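The chain contents come next:
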Amino acid sequence: MRKGSIAFSLFWLSAGWLVLALVGTAFLLTDLYSRALDTSLANQLRFTIDTLSSATLDSTDPNYSDIRVQDPRFSRSSTGWYWVIRDRDGRLLSSSGSSIGMLTPRLETPYGADNYRTGVLEDEAGNRLRAIERATTSAGRPLQIMVTGNLDESLALVGQFRGQTLIVLGAVGIALAIMSGIVARLALRPTGRLSTAIERVREGEAQEITGTYPREIAPLAEEINELLRSNTQIIERARNAVGNLAHGLKTPLAVLRNEASAAKDNPLSRVVSSESEKMTQLVTTYLDRARIAARTSVVGKKADATMVMLRLVRVMEKLNKHVTIAFKRPDASLPWFRGDESDLEEMAGNLLDNACKWSAGKIAVTMMAERTPSQAFLLIRIEDDGPGLTEEEADKALRRGVRLDEKTPGSGLGLDIVKELVDVYGGTLQLRRSVLGGLLAELKLPAAKVGGLARN
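Here the structure is a predicted model, which means the values were calculated and not measured. (Residues numbered from 1 in each chain as written. Predicted model: local features only at pLDDT ≥ 70, side-chain atom pairs only at ≥ 80, totals over all residues. Heavy atoms only, no water.)

## Details of the pattern of salt bridges
No. 1: If you walk through the whole model with that rule in mind, you get 17 salt bridges.
No. 2: Across the pair Glu208 and Arg229 runs a salt bridge, and its minimum N-O distance is 3.6 Å. With a gap of 21 residues between them, Glu208 in the loop between helix H2 (151-202) and helix H3 (218-262) and Arg229 in helix H3 connect regions that are remote in the sequence.
No. 3: Given a relative accessible area of 38%, Glu208 falls into the partly exposed group.
No. 4: Notably, a salt bridge pairs Arg311 with Glu345, separated by 2.5 Å at the nearest N-O pair. Here Arg311, found in helix H5 (residues 305-319), pairs with Glu345, found in helix H6 (residues 341-358); they are 34 residues apart in sequence, far enough to count as distant.
No. 5: The class of Glu345 is partly exposed, set by a relative accessible area of 26%.
No. 6: A single salt-bridge network, built from bridges that share partners, covers Glu208, Glu226 and Arg229. (Salt bridge = Lys/Arg side-chain N within 4 Å of Asp/Glu carboxyl O. Helix = DSSP H or I, 4+ residues; strand = E, 2+ residues; numbered from the N terminus. Buried < 20%, exposed > 50% of the residue type's maximum accessible area, 1.4 Å probe, protein only.)

## Re a positive patch on the surface
No. 1: A cluster of like positive charges, contributed by Arg314, Lys318, Lys321 and Arg329, occupies part of the molecular surface.
No. 2: Inspection of the secondary structure puts Arg329 in the loop between strand E6 (324-327) and strand E7 (335-337). (Patch = residues over 30% accessible without salt bridge, like charges linked within 9 Å, V, L, I, M, F, W, Y side chains within 5 Å. Areas by Shrake-Rupley, 256 points an atom, 1.4 Å probe, with all protein chains shown as cover. Lys, Arg positive; Asp, Glu negative; His and termini not counted. Charge placed at Lys NZ, Arg CZ, Asp CG, Glu CD.)

## Brief notes about the packing of helix H1 (residues 6-58) against H2
No. 1: Packing of H1 against H2 leaves a shortest axis separation of 8 Å and a crossing angle of 160°. Compared by their axis directions, H1 and H2 come out roughly antiparallel. In this structure, the crossing between H1 and H2 has a hand that is right-handed.
No. 2: When grouped by side-chain class, the residues that make up the contact of H1 with H2 number 25 nonpolar, nine polar and three charged. (Axes fitted to C-alpha atoms, helices over the stretch in contact; angles between N-to-C directions. Parallel < 35°, antiparallel > 145°, perpendicular 65-115°, else oblique. Left-handed = near helix turned anticlockwise from the far one by under 90°. Nonpolar A, V, L, I, M, F, W, Y, C, P; charged D, E, K, R; others polar.)

## A short note on a nonpolar patch on the surface
No. 1: Residues Ile174, Ile178, Ile182 and Leu186 make up a contiguous nonpolar surface patch of roughly 390 Å² in combined accessible area.
No. 2: With respect to the secondary-structure elements, Ile174 resides in helix H2.
No. 3: A relative accessible area of 55% means that Ile174 is categorised as exposed.

## Considerations on the packing of H5 against H6
No. 1: Contact pair H5 / H6: the axes reach a minimum separation of 10 Å and the direction vectors enclose 40°. By the criterion of interaxial angle, the relationship of H5 to H6 is oblique. Crossing angle aside, the handedness with which H5 passes H6 is right-handed. Together, Ala305, Val308, Met309, Arg311, Leu312, Val313 and Met316 of H5 and Glu341, Leu344, Glu345, Ala348, Gly349, Leu352, Asp353 and Cys356 of H6 make up the contact between the two elements. (Contact = heavy atoms within 4.5 Å.)

## Looking at the packing of aromatic side chains
No. 1: Considering all chains together, one arrives at three aromatic pairs under this definition.
No. 2: An angle of 65° between the planes, with centres 5.0 Å apart, marks the rings of Phe337 and Tyr425 as edge-to-face. You can see Phe337 sitting in strand E7 and its partner Tyr425 sitting in helix H8 (residues 414-425), a full 88 residues away along the chain.
No. 3: Assessed through its relative accessible area of 12%, Tyr425 is described here as buried.
No. 4: In this structure, Arg73 packs its charged tip against the face of Trp81, placed 3.7 Å from the ring centre.
No. 5: The ring of Trp336 is capped by Lys302, whose NZ or CZ atom sits 5.4 Å from the centre of that ring. (Phe/Tyr/Trp six-rings, centres within 6.5 Å; stacked < 30°, edge-to-face > 60°. Lys NZ or Arg CZ within 6 Å of the ring centre and 35° of its normal.)

## Focus: the pairing of strand E8 (residues 362-371)
No. 1: Summarising the sheet, E6 and E8 pair through four bridges and their orientation is parallel. The residue bridging Ala326 from the neighbouring strand is Ala364, located in E8.
No. 2: Bridge count for E8 against strand E9 (residues 376-384) is nine bridges, and the pairing is antiparallel. Note that in E9 the partner of Met368 across the bridge is Leu379. (Pairing = 2+ DSSP bridges.)

## Considerations on unusual backbone geometry
No. 1: The residue Tyr64 is not glycine, and still its phi comes out positive at about 60°.
No. 2: Counting through the fold element by element, Tyr64 comes out in the loop between H1 and strand E1 (82-87).
No. 3: Accessibility expressed as a relative area gives 5% for Tyr64, which makes it buried.

See the structure below:
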């Protein structure tokens with residue numbers, strides 16, 4: 001019935017989405033930053049072209065050898081920052097100090113409508129360059145002015161920005177993931193309170209679910225309370241019907257027995273008396289079973305199994321003087337029985353009564369807890385030193401009305417009633433050979449929360 005955790009699923013869904021969103025954001029920001037750097041670089045190069053274009057008008061040298069640019073990057077060699085001025089035929093007229101001794105690459109793309117063209121080149125030093133070239137005229141002389149900037153420097157800045165962005169957004173993502181986990185826990189806290197309230201009802205600590213819940217959960221709590229009320233009403237009606245049936249049948253059966261007793265010599269009267277006695281016994285048995293089924297359907301009951309067993313041991317020792325019952329009282333960690341106290345008395349009492357009937361004088365009773373990750377159980381073991389049962393006899397003894405020895409008083413329905421009660425509570429009953437030599441009856445029943453021992 002259980003599959004995963006809502007909070008865990010919400011956390012991983014949020015974390016997964018945050019990872020995708022933040023990684024996408026990091027690359028988007030990096031791309032925007034790269035475009036901004038490239039635009040800034042292009043603007044710098046265009047400004048340098050305009051500066052060189054203006055300088056050609058003021059130059060007195062026909063080869064423009066007296067032109068200088070103040071930016072020191074155009075003075076150092078192999079920096080990737082170059083400028084060259086060519087005539088219409090492509091002959092070099094002037095260049096920056098950084099390009100001396102180097103073969104400056106040429107742009108082959110056509111000019112645009114504004115007489116500019118741009119592209120990415122690579123110099124002899126292996127630097128990638130952003131190159132912009134302008135076709136212009138200076139004093140009636142056609143010129144081609146090209147300026148380049150180091151594109152690797154911009155790409156390095158982009159790489160640094162990407163790394164820093166991923167670190168920052170990663171920290172933000174971790175913070176948001178933690179926050180989403182906290183939000184999921186807080187949002188599902190009312191569900192936990194509802195689960196606790198239901199458990200309190202199931203354990204017999206409350207009659208209905210109490211507390212205030214959010215609008216999304218409140219209808220569920222109300223429906224569960226309504227279901228509990230409906231269940232109680234149905235059980236109450238069933239009890240009343242069983243009681244009415246019992247009273248309705250008792251009188252006719254009593255009349256039959258009395259009439260049959262008045263004419264004991266009549267063979268028919270003897271038959272009627274015998275059969276009416278059987279009918280009375282069967283009616284009583286099945287009415288008791290119906291009453292038991294109705295009682296065990298009620299949610300919210302528990303019983304101190306230790307006190308029930310102590311009481312049963314004292315009673316059985318008084319009724320059976322020849323029997324010694326060894327009962328080691330368990331410690332306070334023994335869980336309580338999750339069900340009606342009278343049902344536990346009926347189950348354990350039947351088994352203990354059978355042990356007293358067949359025992360040669362020694363009976364041992366032990367109680368312990370058996371816990372699984374999802375549930376706790378109460379184990380009651382009753383052993384005797386009687387003749388015991390074979391595996392086939394043990395299986396046969398659990399059948400309704402079957403008696404292995406007709407000489408021993410009883411109806412043969414005791415173990416059957418125990419088995420039915422055990423099935424109603426979802427427990428188990430096992431019969432096997434005891435270390436004392438007789439029969440070992442092991443009763444396994446659902447346990448409530450751990451409860452301390454009550455006082456005698």
